[in-house]
Amino acid sequence: MFRQRVRIRSFALSRAAADALVVIFALALVWAGAMLVLLAFKVAPDTVNGLSGYRIAYDYLAGLSPQDISASTRLVAAIGGLTACLVFGYLAWRAIPRPYLARSDLRLISDEHGSVDVDARAVERAAEIAALAHPAVSAARARYLTDDLALDISASRADALAATLQDVHERARDSLARHQLPPLPVNVTLVRLERPNRRDLQ
Amino acid sequence: VSAPESCWRTCKPAAPVAKVAALAGAGAVGFGMLLLFGVLARGRERLVVMRSDDAGTVAARPRALGQAAVTLGEQSRDVLRAKAKATPKRHGTGGRLRLTAYHAQSSDGTGAASASRDRVRALAESFSLGVRLRSRVPRRGARVS
């Protein structure tokens, strides 16, 4: 099969949580690094401590003893830790990339008598021909991506561009319906405008 | 060997230690910036979206939209040449369009600007673009077509 493409399913919440964690870690790294540079350049430790509280935090943590941590504190820490483990464990599980082939034949029927498949290129060609039927479209290229159909077009006229794109979208959807294909979402993108040479007589 | 408790206010690091600390600190800052850049400036194709719903999306690449704006802007008789740049919004539909119309020194700049604005109005409205228009006189010796 030609033009195989691999797509990766991703879970938006996992991605957002991972990004947020990386941003927090990066900001902490920049902040701590800046404090370290200040100390290395012999800025007064009191000033750096005033900015970051690093010594206050160190002294507080170094001064802790087992008696300072009460039973309720332990309970809160345990519940918080368990919740964080479950939530972040779930998000980490969902964040694992799951690649799959984006382009495969479209199965229309499958039963005990056999199956009816439509080649991916046939679906793409149906959309391309519908788009090219529009007089303002000079080139069209479709990609069937299992979940949707991407249709990139080049236009030859700048006026009524929005109407052209809307019309091409409608035509592609109608073409899928006319060929009794499932009503896929069609993503029409204008990728190029072919400008006539201004030196030519128009 | 640990330093005495009270030393941290007064102790000055030895030169080699300070050098290593400075390098480590600068490295941490650099790595942090790199991580931030990687997360926040992730490369992705940005499109000017006109419509998006269950039936699909209708969108345009910013460069193609800029070409369309230039073509429309140059249709005015007063405009010698035009330059345009379309910038999509981060989320949702629409974006911004900056159009510069170059006109002859002898002609009226306001007229050229308003003529260009009229030409691109329909395009801007259909793509929900905010238009910023400037009129300029081309530099001496610059190409005008």
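What counts and what doesn't
Residues numbered from 1 in each chain as written. Chains lettered and ligands numbered in written order. Predicted model: local features only at pLDDT ≥ 70, side-chain atom pairs only at ≥ 80, totals over all residues. Heavy atoms only, no water. Patch = residues over 30% accessible without salt bridge, like charges linked within 9 Å, V, L, I, M, F, W, Y side chains within 5 Å. Areas by Shrake-Rupley, 256 points an atom, 1.4 Å probe, with all protein chains shown as cover. Salt bridge = Lys/Arg side-chain N within 4 Å of Asp/Glu carboxyl O. Helix = DSSP H or I, 4+ residues; strand = E, 2+ residues; numbered from the N terminus. Buried < 20%, exposed > 50% of the residue type's maximum accessible area, 1.4 Å probe, protein only. Pairing = 2+ DSSP bridges. Right-handed = clockwise from strand over helix to strand, strands pointing away. 1 Å grid on protein atoms, 1.4 Å probe; cavity = no way out; pocket = protein on both sides within 12 Å on 5 of 7 lines; lining within 4 Å. Points joined across faces, edges and corners; volume = space filled by probe spheres on them. Nonpolar A, V, L, I, M, F, W, Y, C, P; charged D, E, K, R; others polar. Lys, Arg positive; Asp, Glu negative; His and termini not counted. Charge placed at Lys NZ, Arg CZ, Asp CG, Glu CD. Axes fitted to C-alpha atoms, helices over the stretch in contact; angles between N-to-C directions. Expected span 1.5 Å × (residues − 1). Contact = heavy atoms within 4.5 Å. Polar contact = N/O pair within 3.5 Å; in protein donor to acceptor, adjacent residues only side chain to side chain. Buried area = accessible area lost by both parts, 1.4 Å probe.

Draft legend 1. Region of the structure containing a nonpolar patch on the surface. All names here are of chain A. Judged by side-chain polarity, Val6, Ile8 and Leu101 come together as a nonpolar surface patch covering roughly 300 Å² of accessible area. Within the fold, Ile8 resides in strand β1 (residues 6-9). Overall, the relative accessible area of 55% leaves Ile8 in the exposed class.

Draft legend 2. Main features of the pairing of strand β5 (residues 129-136) of chain B. Residue and element names in this part refer to chain B. Here strand β4 (residues 95-103) pairs with β5 via 8 bridges, running parallel. Residue pairing across strands places Tyr102 opposite Arg136, the latter belonging to β5. Crossover connection from β4 via helix α3 (residues 109-126) to parallel β5: handedness right-handed.

Draft legend 3. Summary view of the layout of surface pockets. Roughly 380 Å³ of internal volume is contained in the second largest pocket. Residue assignment for the lining of the second largest pocket shows that the elements contributing at least two residues are β6 (149-155) and β7 (186-193) of chain A together with β2 (56-60) of chain B. By residue number, the principal contributor to the lining of the second largest pocket is β7 of chain A, which donates 4 residues. Across the lining of the second largest pocket, the residue classes break down as 6 nonpolar, 3 polar and 6 charged.

Draft legend 4. Representation of unusual backbone geometry in the model. Residue and element names in this part refer to chain A. In this structure, Lys42 is a non-glycine residue whose phi angle is positive, near 60°. With a phi angle near 55°, Gln180 is a residue other than glycine that sits in the positive phi range. For Gln180, the location among the structural elements is in the loop between α6 (161-178) and β7.

Draft legend 5. Looking closely at a positive patch on the surface. Residues and elements named next belong to chain B. A surface patch of like charges, here positive, comprises Lys83, Lys85, Arg96, Arg98, Arg132, Arg134, Arg136 and Arg139. Ranked by the residues each element gives to the positive patch, the list is headed by β5, at 3 residues. Within the fold, Arg98 resides in strand β4. On the basis of relative accessible area, Arg98 is assigned to the partly exposed category, the value being 41%.

Draft legend 6. Fine view of the pattern of salt bridges. All names here are of chain A. All chains considered together, the criterion is met by 12 salt bridges over all chains. Its salt-bridge partner being Arg143, residue Asp152 comes within 3.2 Å of it at the nearest N-O pair. For Asp152, a relative accessible area of 10% translates into the label buried. On the basis of relative accessible area, Arg143 is assigned to the partly exposed category, the value being 22%. Salt-bridge contacts for Arg192 lead to Glu194; the nearest nitrogen and oxygen are separated by 2.9 Å. Assessed through its relative accessible area of 31%, Glu194 is described here as partly exposed.

Draft legend 7. Looking closely at the sheet that holds β6 of chain A. The strand order across the open sheet formed by 5 strands is β5(A)-β6(A)-β7(A)-β2(B)-β1(B), and the pairing between neighbours is mixed. Each of the sheet's edge strands pairs with one partner strand only, and the pair in question is β5 (137-144) of chain A together with β1 (48-53) of chain B. With direction set aside, neighbouring strand axes in the sheet form an average angle of 15°. Pairing geometry for β1 of chain B and β2 of chain B, over 5 bridges, is antiparallel. Counterpart to Val48 of chain B in the pairing with β2 of chain B is Ala60 of chain B.

Draft legend 8. Structural detail: helix α5 (residues 120-132) of chain A. Residues and elements named next belong to chain A. Between its terminal C-alpha atoms α5 stretches 18 Å, which fits the 18 Å expected from 13 residues at 1.5 Å a residue. Where α5 is concerned, the buried positions are Ala120, Val123, Glu124, Ala126, Ala127, Glu128, Ala130 and Ala131. Along its buried surface, α5 packs onto β3 (106-111), β4 (114-118), β5, β6 and α6. Put simply, Asp119 is the residue that caps the front of α5, since its side-chain oxygen is 2.8 Å from the backbone nitrogen of Arg121.

Draft legend 9. Seen up close, the interface of chain A and chain B. At the interface, 44 residues of chain A touch 47 residues of chain B. Where chain A abuts chain B, roughly 3600 Å² becomes buried across the two surfaces, and 64% of that area is made up of carbon and sulfur atoms. At the boundary of chain A and chain B, one finds 11 residue pairs in polar contact (both at pLDDT 80 or more). Every element with two or more residues in the side of chain A that touches chain B is listed here: α1 (12-40), α2 (45-52), α3 (54-62), α6 and β7 of chain A. At 14 residues, α1 of chain A tops the list of elements feeding residues into the side of chain A that touches chain B. For the side of chain A that touches chain B, a count of residues per class yields 26 nonpolar, 6 polar and 12 charged. In terms of strand pairing, β7 of chain A meets β2 of chain B through 3 bridges, oriented parallel. Looking at β2 of chain B, one finds that Thr189 of chain A is bridged to Ala59 of chain B.

Keep in mind these values describe shape, not function.
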